[in-house]
There are 2 protein chains.
Amino acid sequence: MAEDTQQEVLAGRLRSAQLKVTAPRIAVLGVLSGHGHLDADSVFSAVTQQLPKTSLQAVYGVLSALVTSGLVRKIEPAGSPALYEARVGDNHHHLVCLNCKRVEDVDCVIGESPCLTPSNLHGFAVQVAEITFWGVCSSCQAATAELEPTS
Amino acid sequence: MAEDTQQEVLAGRLRSAQLKVTAPRIAVLGVLSGHGHLDADSVFSAVTQQLPKTSLQAVYGVLSALVTSGLVRKIEPAGSPALYEARVGDNHHHLVCLNCKRVEDVDCVIGESPCLTPSNLHGFAVQVAEITFWGVCSSCQAATAELEPTS
DNA sequence: ACAGTTGTTTTGATTCATTCAAAACAACTG
DNA sequence: CAGTTGTTTTGAATGAATCAAAACAACTGT
């Protein structure tokens, strides 16, 4: 059935990253492939629905292994717990809502290379440029407009 | 003496931000004007040298008041506690060492505006773009080179 | 100069996300 | 299928930051 093939795809990804294939790892990878940006606790909740005896620490362990091997990316926006996403390898950026902390992907920035070129490197060997756009998401704009109809 | 005029300058900055002038606030502002990027605990250590009975919570309270009023900027690089800096109003960016977490300022990015223009806003009202450059600082490069002379 | 009001600082406790460590256990190798 | 290696569980601990109430200090107007 479809679930099995999906599990095999995920297992293959784990194997090619030289990771042992375990049920918690498949579950975590599956959850992250479905949803966008989840914190450890949300991943834990989702995982325990299919694998009830998984511990939170196992989730932390799995996430850390997946991040280290490059299968999952960890982002840490100010004011939120760490978030994990399965979209990887394209160094995309993020839009974060100042109000509700919702996160959206930003495919890339116009021009691209300017953002990777600081004017003064202070002797640093720069490896990546991480851009976070802070703003107000559409739902929060709507909610604010409702509270202040004419100001 | 010079110290008094410096204190008056800091007091003036507090007044023009509509903040009451208190000894802990002047001390915190003074510490941040001298050094670069400090976490709450380092600010606390520096402040208690001139004002021994200041509490850590007071430092947190002062920092939060200064940040809210725009006199101090708070940055939260992944993997470090929050850092505070007195340089404010110019939306400069940061270079962070992947190894030792040292932070340096980046005056601005070549081109500047491209980095403020995401390709898809997802309905967000974007207010600021924050750029963090991750790399290895010169001291850590030197330390690594010493451990692996020819590889 | 001083009393009142407002806002700040202290004191003490608590929260949350995350990490550590040891023992029990399961996946891959040959 | 047994052995090795690495993972997961269990239980506890950490660090950074926040909350709340009481004591206190800065500014206002008189």
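Presented here is an overview of the structure given in this document. It should be emphasised that the depicted structure is a prediction, and the values quoted were computed from it without experimental measurement. (Residues numbered from 1 in each chain as written. Chains lettered and ligands numbered in written order. Predicted model: local features only at pLDDT ≥ 70, side-chain atom pairs only at ≥ 80, totals over all residues. Heavy atoms only, no water.)

1. Quick look at the sheet that holds strand β1 (residues 38-39) of chain B
Residue and element names in this part refer to chain B.
Logical step 1: Spatially, the 3 strands line up as an open sheet ordered β1-β3-β2, and their pairing is antiparallel. At either end of the open sheet lies a strand with only one pairing partner, and these are β1 and β2 (73-75).
Logical step 2: Pairing geometry for β2 and strand β3 (residues 83-85), over 3 bridges, is antiparallel. Note on β3: the bridge partner recorded for Arg 73 is Glu 85. (Pairing = 2+ DSSP bridges. Helix = DSSP H or I, 4+ residues; strand = E, 2+ residues; numbered from the N terminus.)

2. Observations concerning the protein's contact with DNA strand D
Logical step 1: Among the 16 residues in the neighbourhood of DNA strand D, the closest are listed as A:Thr22, A:Arg25, A:Ala58, B:Tyr60 and B:Ala82.
Logical step 2: Among the atoms of DNA strand D close to the protein, meaning within 4 Å, 71% are from sugar or phosphate groups.
Logical step 3: In the model, a base oxygen of DNA strand D is placed 3.2 Å from a nitrogen or oxygen of the A:Gln57 side chain.
Logical step 4: Broken down by secondary-structure element, the contributors of at least two residues to the surface near DNA strand D are α2 (23-34) and α4 (56-68) of chain A together with α4 (56-68) of chain B.
Logical step 5: A per-element tally of the surface near DNA strand D places α4(A) first, with 3 residues.
Logical step 6: Taken together, the residues of the surface near DNA strand D break down into 7 nonpolar, 5 polar and 4 charged. (Near = heavy atom within 4 Å. Polar contact = N/O pair within 3.5 Å; in protein donor to acceptor, adjacent residues only side chain to side chain. Nonpolar A, V, L, I, M, F, W, Y, C, P; charged D, E, K, R; others polar.)

3. Digging into the protein's contact with DNA strand C
Logical step 1: Not every one of the 17 residues close to DNA strand C is listed here, only the nearest: A:Val21, B:Thr22, B:Arg25, B:Lys53 and B:Ala58.
Logical step 2: Counting only the atoms of DNA strand C that lie within 4 Å of the protein, the sugar and phosphate share comes to 70%.
Logical step 3: At 2.9 Å from a phosphate oxygen of DNA strand C is found a main-chain nitrogen or oxygen belonging to A:Ala82.
Logical step 4: Between a phosphate oxygen of DNA strand C and a side-chain N or O atom of B:Thr22, the distance comes to 2.4 Å.
Logical step 5: Looking at which element gives the most residues to the surface near DNA strand C, the answer is α4(B), with 3 residues.

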